[in-house]
Each structure stands twice: as C-alpha cells, then as structure tokens.
Amino acid sequence: MISKRTVVQENSVIRYELERKSVKNLNLRIRKDGTVYVSAAPSVPQARIDAFVASKANYIENAQKKFAEMAQYAPEPKQFVSGETFYLLGRSLQLNVQQSNKDKVTSDGIYLMLEVTDPSNFAKKQKLIKQYFDARCCAVFEEIMLEIYPVFQKYGVAIPKLRIREMQTRWGSCLTQKGIITLNKHLLEAPRSCIEYVVMHEFCHFIHPNHSKHFYALLTTLMPDWKERKTVLNYSAAFWL
C-alpha cells in the first residue's frame, strides 16, 4: 500500500511517498529526482513515521540540493552522432559514426565505432548501440556473478538466474525464493568494482533476506571495502547515466 504524506518541520515542508510492506526497519531514500520515499511495516504508527521523516529534514534538504546540482550536468538525450560520449565500466568512449556496407558496433577502449549503412537513420543507430550494450551487460554481469557465486555455494545457495532491466531507484534486487537476481542495465556504465559490490550485496540476501546487522556483518566480511564502492557508485552515477 502506497500513500502520499506531508510533514511540516519548522519552516520547511517535506512531502514523501510511504509504502507499507514487510520490512524490519524504517527506510528512507532520496531519489535522483528529489522525491522522498519511505518504507515501513504496517504495524508502525503513522505518527512515528512522520516524526522519523521530520528528524531527517537536514539530510533530505542536503540530498535534494546535491541531486539538483548534479542534474545540471546530466547529459542531453543521445543523437547518436560522432563525438558523443558513452560510458562502459567507468570509462568514457567517444562515438565515431561511419558509413559502411554493413551494420556493426565495436570498441577499442577509447572509441565506440558505429558502422551503419545509413548514418542518417536515427532509429537504426539507436537500435545498434542498444544491442551492443545489452550484449555487454549480459557478458559482464554473468561473469561477475560466476566469480562471486563460489563463496555462496558453500552456504548451499543455488546459482541464481540473472535478469537485466532498466530501473529508476535501484541498482539491483533479488527474489530469494525464486532464485533470481535483477540488475540495473545502467550498472554497466559504472566501474567493475561497483558492479561487484551490487552483485555481492544481492547474493548476501540469499543468506539474510533483510538489511539486519547480520546482513551487513556478512557483507563486510566478504567485501570489507563495500562502503567505498557504494560511495563511488551513488555519488558519481549522475555523470554516467
């Protein structure tokens, strides 16, 4: 159940979206568009949730300002012309469009070469670039999952299925009962170390399907620098996406 709430805190008004679901703790997230999302168990009194949001007023305001500043540098929609920048594993690639008798996309680590029969065909260029990055998503994400999985095999975790989607508010999610890990396709633009963090995070949920202290203890044991990786991912994402 999702509802809209408003909290008045001194001279500020905080509007937030509340979702009631089976979670252990009160959780607050600031989305990149500045909206505030809170999740809480059905048993938590509304007054307690409002007070919790009010206590986070300074954090919310600072986060919203930061996202607003970062939005100024958000890239314009791609036109798929030479000179545009794309990101792959944290590195920038400059697009080079060339006319050719065949359609193909390749990269040498510096340039993203797009060969196309009709350079003026926007839809075709968009489709070719999408297919290239979708294929790289599958290859890179599956490789990282296979590298991390042996640690969890010892716990009796079955190798999960991988799903790749465009997600607005999450880098990854998992369905532990169905054995599925879903990763945000935009993760491909982040450094490999950040992708490893998200995959490790989701794998840990197969042992602890929550964000309890036991979950974070396991994550810290298996990836001691996860906080640093998460910081790089969350605070630099606006420049990749």
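Look a little higher up for the structure.
Predicted model, so just to flag it, every value in this text is computed and none were measured. (Residues numbered from 1 in each chain as written. Predicted model: local features only at pLDDT ≥ 70, side-chain atom pairs only at ≥ 80, totals over all residues. Heavy atoms only, no water.)

Undergrad: I keep staring at the pairing of strand 3 (residues 27-30) and nothing clicks. Help me out?
TA: As a general feature of sheets, a regular strand has side chains that alternate between the two faces. Side chains of strand 3 alternate between two faces, with L28 and I30 buried and N27 and R29 left unburied. Sheet topology note: the strand 3/strand 4 (residues 36-40) ladder contains four bridges and is antiparallel. When the bridges of strand 4 are listed, I30 appears paired with V36. If you look at the hairpin formed by strand 3 and strand 4, you'll find five residues sitting between the two strands, and G34 has a positive phi there, around 90°. (Buried < 20%, exposed > 50% of the residue type's maximum accessible area, 1.4 Å probe, protein only. Helix = DSSP H or I, 4+ residues; strand = E, 2+ residues; numbered from the N terminus. Pairing = 2+ DSSP bridges.)

Undergrad: Got a minute to help me understand the nonpolar core in this structure?
TA: One recurring pattern in soluble globular proteins: nonpolar side chains tend to sit buried together. By size, the foremost hydrophobic cluster in this structure holds 44 residues, and its most contacted members are L112, I129 and F203. Tallying contributions element by element places helix 3 (residues 122-153) first for this core, with twelve residues. Residues within four places of L112 in sequence aside, it is in contact with F86, L93, Q94, L95, N96, V105, T106, S107, I129, Y132 and F133. One finds V7, A40, I60 and A63 within the second-largest nonpolar core, a separate group that totals 21 residues. (Core = buried A, V, L, I, M, F, W, Y, C linked by side-chain atoms within 4.5 Å. Contact = heavy atoms within 4.5 Å.)

Undergrad: Looking at this model, I keep getting lost on the side chain of K185. Mind explaining?
TA: Mapped onto the secondary structure, K185 falls in the loop between strand 11 (180-184) and helix 4 (192-204). A distance of 2.7 Å separates polar atoms of two side chains, one belonging to K185 and the other to D134. Apart from the residues lying within four places of it in its own chain, the contact partners of K185 are K130, D134, C137, F141, I164, R165 and E166. (Polar contact = N/O pair within 3.5 Å; in protein donor to acceptor, adjacent residues only side chain to side chain.)

Undergrad: Please explain the packing of helix 3 against helix 4 as it appears in this structure.
TA: The relative placement of two packed helices comes down to the angle between their axes together with the axis-to-axis distance. Taken N-terminus to C-terminus, the directions of helix 3 and helix 4 make an angle of 50°; their axes are 10 Å apart at the nearest point. On the basis of the axis angle, helix 3 is oblique to helix 4. Classified by chirality, the crossing of helix 4 by helix 3 is right-handed. Residues V140, F141, E143, I144, M145, E147, I148, Y149 and F152 of helix 3 form the contact with helix 4, whose participating residues are R192, I195, E196, V199, M200, F203 and C204. A class-by-class count of the residues in the contact of helix 3 with helix 4 yields twelve nonpolar, no polar and four charged. (Axes fitted to C-alpha atoms, helices over the stretch in contact; angles between N-to-C directions. Parallel < 35°, antiparallel > 145°, perpendicular 65-115°, else oblique. Left-handed = near helix turned anticlockwise from the far one by under 90°. Nonpolar A, V, L, I, M, F, W, Y, C, P; charged D, E, K, R; others polar.)

Undergrad: What should I look at first to understand helix 4 in this one?
TA: Residues lying three or four places apart along an α-helix face the same way, a consequence of the helix completing one turn every 3.6 residues. Between its terminal C-alpha atoms helix 4 stretches 18 Å, which fits the 18 Å expected from 13 residues at 1.5 Å a residue. Across the 13 residues that make up helix 4, a large majority, eleven, are buried. Within the span of helix 4, buried status applies to C194, I195, E196, Y197, V198, V199, M200, H201, E202, F203 and C204. (Expected span 1.5 Å × (residues − 1).)

Undergrad: Help me understand the sheet that holds strand 9 (residues 161-165) in this model?
TA: Strand pairs in the sheet, formed through backbone hydrogen bonds, run parallel or antiparallel to each other. With mixed pairing, three strands are arranged side by side in an open sheet as 9-11-10. With partners counted over all chains shown, the strands left at the sheet margins are strand 9 and strand 10 (172-175), one partner each. Between one strand axis and the next, the sheet turns through 20° on average, direction left out of account. Of the strand pairs in this sheet, strand 9 and strand 11 are connected by five bridges, and their pairing is parallel.

Undergrad: Hey, could you run me through helix 2 (residues 57-71) in this one?
TA: Over its 15 residues, helix 2 extends 21 Å from the first C-alpha to the last, a length consistent with the 21 Å expected when each residue adds 1.5 Å. Listed in full, the buried residues belonging to helix 2 are A57, I60, A63, F67 and M70. The buried residues of helix 2 all sit within an arc of 160° when viewed along its axis, so they share a single face. For helix 2, the exposed residues set more than 90 degrees away from the buried face come down to N58 and N62. (Arc of directions from axis to C-beta.)

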